[in-house]
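Notes for the structure review
The residues making up each chain are set out below.
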Amino acid sequence: MLSGGPYIDEDYADRRGKAFIVAVDCAKPSGTCFCASMGTGPEVSSGFDVALVELDDGYVARAGSDAGHQLLERLGLGAATSVQMHAAAGVGVEARATMSQQLGVTREGLRDRLMAQLENSGWDEVAERCLACTNCTMACPTCFCTDVKQTSDLLGTETVSERQWASCFTLDFARVAHGNFRPGVRDRYRQWLTHKFSTWVDQFGSYGCVGCGRCITWCPVGIDVRQALARIAPVKPPLEGTLQPVPVSANPGRYSIGTVAELWAETKNVYTLRLKDLPEAVCCGTPGQFLMLDLPGFSAVPISVSRYREGEIFLTIRTEGPTTRALASLRPGSQIGLRGPVGRGWPIEEAFGRDVVIVAGGIGLPPLRPLIDNILRSRGHFGRVRLYYGARTPKDLLYTDELKTWAARDDISVGVTVDRAQVGTWSGAVGVVTHLFDREPIDGSHTTAYICGPEKMMSATANALAGRGILPEHIFLSMERHMQCGIGLCGHCQMGKHFVCKDGPVFSRRELGESLDVEGL
Amino acid sequence: MAASNAGKLIRVGVVKFASCDGCQLGFLDLGTVLLDIGIRFQIVEFGEASSNRTPDGPFDILFVEGSVSTDEQAQHIRHLRERTTLLVTIGACATSGGIQALRAWAGNDGGISGFIDAVYATPEFVETLERAQPVAELVEVDAELRGCPIDTGQLVELLTATAIGRRPQLPSEAVCVACKLAGRVCVMVARGEPCLGPIISTGCGALCPGMDRGCYGCFGPRESANGTALSNWFGAALGLTDEQIAARFAGFTAWAPELREVIDAHGGPPGMRAAAAPGSDAPVSEGGVS
């Protein structure tokens, strides 16, 4: 690593170059070993001059370099018998099998999984136990950090510079003239773990952990890097009771057919269609995705799915133009053309282990309802869950029965407000939805937010939540633009660099950047 | 300071309060370095080593050994502070109160008088503060040399840095660092020996673990010392009782806040309450006061 590539340590490269390296394939992993899961063992694959496999009656040796070949030739060893070769091959298999029974590390996607969790509460949990004693780093075979210490005689006439092992767990490691970049133990543990399992990949093209387990063995208080990774950067478990997505057609001219099962009014100008007899792909969308709906003779319209059920979907539609009015006039048994679900929906897994704030404005609630359904179905994956909903008047509130049902549950709290109400008709809150945030404190560092509503409302809401400490990458908004194809071909829905239909409609506040508040974009 | 007065000798004093004088021996143990000191330093007060004294200073550097244990000492350290540019406390007594600071826990059960009556034949001649105090509780301290006794290497480093005019490089990391650099096997992990090393500043070169014993904490808590986590492990994994945990923490630097907190959470130093009960015939303490 440090003897080639972009960062060369000359002293190390020199010593390493002069060393003759004899390696041994591991036959007996200990309980702290996980090299198989890091892809570095138990067999030695490179970097050795001679590698040995230990058998009951001796060793099977193989050369890995010219120097190794010469040595083996000079030793004059006989060729291994086929029985010995067979036994040697079995050693790695057995060691691998032992490790497969133990806790390991899931490498796939780990670099990104971990970097997405910089504010995870798991760091605080480790920091409560961690002594920052440096033992993990001092025992780690890949930790390479060093200090240069200068010592002199009393007069400063003779000075000696000496390089010593250093550790990112010491306070001095990140000290500058007037402060320290990593004052807390949490900061230091996070620096260490993210270096081993994320940023090392960027620097050196591999993980910085070989799975030797020495940091586990020598931690005086039993902190296990495997458990820390599983806690902080878990492999996302599939949500319970959700259907697996099926690819949808990439051709904007190809439609599926669904049948209207039921249609009812939610408010004076909003109604919900329940569709049945649907192809499997249509029912397997994710929350926040939408369908292109097509009635013969009318132009297609994008409509978000407001609920998924096995074999059925719900669409909640506000009558705005000819197509939506035509859709409202359908009757049970009517057939309807549809394509999708398309687009990128709400990234529900971003909120695993975190508090959730959902903010809906007006007709923005329907695209959020499947998200609420999924969260309540897999409630254990989340911390506190809060829904804030604002509408123009009490008569414009959608899903009023369901709002009451949710409000009665103790695992989701619901706040509802209206812009204006006639005296005597409304006993709830009046005002903009962001005022509801002041009812109880939001822990911004552990909260993921999902927002849907008019663009101005989303912008104001995102700002209000940012003011409570939620980072822009943890705030998600669903954008509206003119969408025709739904698959990023037709060009209508561009917003800055994004095709809203395909790259969105859901974006993080960070992805939107400056483009959110620009008029006419 | 020194850089701007390159030609002038730096006036050094060494004084002591309640202590065993062991840290002052650190100066005398400097060997040949002691001969070099005269090039840059003038020792103007050092009662342990020289009869040529200037007890009232003024001092460019004053090394203070010992805890403040009487009212007279409290007044004296305040006076010396005014006569000193750079005040450096040396040793566990001066920096954290030392082993005698354990008597603070006597206050929990009727005060210090029970101790005095039990130990001294004529207690009416003994004047003492309720607590043996670290110097920094009374006056501002510019630097600390920790340990029981101090490390002469750190002493030389402090003198050198002062002479050259740079900041001394004094370690704040754990004893574990010294253990690992010395290639020692961890006594706690390998043998289940309770060891304060992970939360204690190095400086001793991991002396006790090098002799197969756990660290007793002579150099006091390091930065970020997580005493609670370590004591939890002592109990949960090593099976120590509350009393054993308190005993391990109640040593040379017991009064340091990070250690004191753990001692209090585990019922105080063993034997202290029995010893301090007025009129009790119980032995003075098993916790170390003698």
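These numbers come from a predicted model, not from an experiment.

Considerations on the overall build of chain A
- Looking only at helices and strands, chain A features 17 helices and 22 strands.
- Out of the 521 residues belonging to chain A, those deemed buried represent 36%.

Observations regarding the overall build of chain B
- Check the secondary structure of chain B and you find 13 helices and five strands.
- Counting across all 290 residues of chain B, residues that qualify as buried make up 50%.

As for the sheet that holds strand S9 (residues 270-276) of chain A
Residues and elements named next belong to chain A.
- With respect to topology, six strands assemble into a closed barrel ordered S8-S9-S12-S11-S10-S13, the strand pairing being antiparallel. Along the sheet, successive strands turn relative to each other by an average axial angle of 45°, direction set aside.
- Direction of pairing for strand S8 (residues 256-265) relative to strand S13 (residues 335-342): antiparallel, over a ladder of four bridges. Paired with serine 256 across the strands is leucine 338, a residue of S13.
- Along the sheet, helix H13 (residues 365-377) contacts strand S11 (301-309) and strand S12 (312-318); its crossing angle with S11, the most-contacted strand, is approximately 25°.

Description of the pairing of strand S15 (residues 385-391) of chain A
Residues and elements named next belong to chain A.
- Most of S15 is tucked away, with seven of its seven residues classed as buried.
- What you see with S15 is no split at all: Val385, Leu387, Tyr389 and Ala391 on one side and Arg386, Tyr388 and Gly390 on the other are buried throughout.
- The sheet contact formed by strand S14 (residues 355-361) and S15 spans six bridges and is parallel. By the bridge assignment for S15, glycine 361 is matched with glycine 390.
- Handedness of the crossover joining S14 and S15 through H13 is recorded here as right-handed.
- Sheet topology places S15 next to strand S16 (residues 413-418); six bridges connect them, and they run parallel. Note that in S16 the partner of tyrosine 389 across the bridge is valine 416.

Some thoughts on the nonpolar core
- Core analysis: the largest hydrophobic core is formed by 119 residues, its most contacted members being Leu62, Val64 and Val88 of chain B.
- Setting aside anything within four residues of it in sequence, one finds valine 64 of chain B in contact with Val15, Leu87, Val88, Thr89, Ile90, Ala94 and Val135 of chain B.
- Residues Val282, Phe290, Ala360 and Leu398 of chain A belong to the second largest nonpolar core, which totals 75 residues.

A look at the sheet that holds strand S1 (residues 22-24) of chain A
Residue and element names in this part refer to chain A.
- Taken together, three strands build an open sheet; the order of strands is S1-S2-S3 and the sheet is mixed. Looking along the sheet, the strands with just one partner apiece sit at the ends: S1 and strand S3 (58-63). Along the sheet, successive strands turn relative to each other by an average axial angle of 30°, direction set aside.
- Bridge count for S1 against strand S2 (residues 50-55) is three bridges, and the pairing is parallel. When the bridges of S2 are listed, valine 22 appears paired with valine 50.
- Strands in contact with helix H3 (residues 66-75) are S2 and S3; relative to S3, the strand with the most contacts, it is inclined by about 135°.
- Relative to S2, helix H4 (residues 82-100) is tilted by about 95°, and along the sheet it contacts S2 and S3.

A look at the packing of helix H10 (residues 227-236) of chain B against helix H11 (residues 242-249) of chain B
Residues and elements named next belong to chain B.
- Where H10 meets H11, the axes come as close as 10 Å, and the angle between the chain directions of the two elements is 135°. As the angle between them shows, H10 and H11 are arranged oblique. Between H10 and H11 the crossing geometry is right-handed. Residues Gly227, Ser231, Phe234 and Gly235 of H10 form the contact with H11, whose participating residues are Ile245, Arg248 and Phe249.
- A breakdown of the residues in the contact of H10 with H11 according to their chemical character gives three nonpolar, three polar and one charged.

Examining the confidence of the model for chain A
Residue and element names in this part refer to chain A.
- Overall, the predicted model of chain A reaches an average pLDDT of 88, with 96% of residues at or above 70.
- Confidence, expressed as mean pLDDT per element, reaches its minimum in chain A at strand S20 (residues 494-495) with 78 and its maximum at helix H9 (residues 214-218) with 97.
- Within the model, the stretch residues 243-247 combines pLDDT values under 50 with nine contacts to residues more than four positions away or in other chains.

Remarks on the interface of chain A and chain B
- If you look at the interface, chain A gives 25 residues, while chain B gives 28 residues.
- Put simply, the parts of the chain that give the side of chain A that touches chain B at least two residues each are helix H6 (122-129), helix H7 (135-139), strand S4 (146-152) and H9 of chain A.
- For the side of chain A that touches chain B, the residue count by class is 13 nonpolar, eight polar and four charged.

Structural notes on unusual backbone geometry
- Looking along the chain, the bond that leaves glycine 41 of chain A and enters proline 42 of chain A is cis, with omega of 5°.
- Turning to its location among the elements, proline 42 of chain A is positioned in the loop between helix H2 (35-38) and S2.
- With an omega dihedral of 0°, the bond running from cysteine 148 of chain B to proline 149 of chain B counts as a cis peptide bond.
- If you check the backbone angles, aspartate 277 of chain A has positive phi at about 55° while not being a glycine.
- Considering the arrangement of structural elements, one finds aspartate 277 of chain A in the loop between S9 and helix H11 (280-283).
- Non-glycine residue serine 224 of chain B carries a positive phi angle of around 55°.

Some thoughts on the pairing of S8 of chain A
All names here are of chain A.
- As paired elements, S8 and S9 share six bridges and run antiparallel to each other. Looking across to S9, one finds that valine 260 is bridged to leucine 275.
- Connecting S8 to the antiparallel partner S9 that follows it, the hairpin turn spans four residues.

Comments concerning the packing of H6 of chain A against helix H10 (residues 225-232) of chain A
Residue and element names in this part refer to chain A.
- Contact pair H6 / H10: the axes reach a minimum separation of 9 Å and the direction vectors enclose 150°. Taken as axis vectors, H6 and H10 run roughly antiparallel relative to one another. For the pair H6 and H10, the contacting residues are Gly122, Trp123 and Val126 in the first and Ala228, Arg231 and Ile232 in the second.
- Residues of the contact of H6 with H10, tallied by class, amount to four nonpolar, one polar and one charged.

Things to note about helix H8 (residues 185-204) of chain A
All names here are of chain A.
- Approximately 60° is the largest bend angle found in H8, and it occurs at histidine 195.
- Lining the buried residues of H8 we find helix H5 (110-115), H6, H7 and H10.
- Glycine 205 lies just past H8 and shows a positive phi near 80°.

Focus on the confidence of the model for chain B
Residues and elements named next belong to chain B.
- On average, residues of chain B score 88 in pLDDT, and 90% of them reach the 70 mark or higher.
- When the criterion is pLDDT under 50, residues 1-5 qualifies, and its contacts beyond four places in sequence or with other chains add up to nine contacts.
- Here the complex is predicted with pTM 0.66, and the ipTM for its interfaces comes to 0.86.

Examining the environment of phenylalanine 48 of chain A
Residues and elements named next belong to chain A.
- Mapped onto the elements of the fold, phenylalanine 48 is located in the loop between H2 and S2.
- The spacing of phenylalanine 48 and arginine 62 is 14 residues in sequence and 9.6 Å in space, taken between C-alpha atoms.
- In this structure, phenylalanine 48 is in contact with Ile21, Val22, Ala23 and Gly64, ignoring residues within four places of it in sequence.

Here we look at the environment of leucine 238 of chain B
All names here are of chain B.
- The topology assignment puts leucine 238 in the loop between H10 and H11.
- With 47 residues separating them in the primary sequence, leucine 238 and arginine 191 have C-alpha atoms 9.9 Å apart.
- Setting aside residues up to four positions removed in sequence, leucine 238 forms contacts with Gly192, Pro194 and Trp233.

Things to note about the environment of arginine 231 of chain A
- Mapped onto the elements of the fold, arginine 231 of chain A is located in helix H10.
- With 109 residues separating them in the primary sequence, arginine 231 of chain A and glycine 122 of chain A have C-alpha atoms 6.3 Å apart.

Reading the values: the criteria
- Residues numbered from 1 in each chain as written.
- Chains lettered and ligands numbered in written order.
- Predicted model: local features only at pLDDT ≥ 70, side-chain atom pairs only at ≥ 80, totals over all residues.
- Helix = DSSP H or I, 4+ residues; strand = E, 2+ residues; numbered from the N terminus.
- Buried ≥ 20, exposed ≤ 12 C-beta atoms within 10 Å, placed from the backbone.
- Pairing = 2+ DSSP bridges.
- Axes fitted to C-alpha atoms, helices over the stretch in contact; angles between N-to-C directions.
- Contact = placed C-beta atoms within 7 Å.
- Right-handed = clockwise from strand over helix to strand, strands pointing away.
- Core = buried A, V, L, I, M, F, W, Y, C linked by C-beta atoms within 7 Å.
- Parallel < 35°, antiparallel > 145°, perpendicular 65-115°, else oblique.
- Left-handed = near helix turned anticlockwise from the far one by under 90°.
- Nonpolar A, V, L, I, M, F, W, Y, C, P; charged D, E, K, R; others polar.
- pLDDT = per-residue confidence, 0-100.
- Bend = angle between axes of the 7 residues up to and from the residue.

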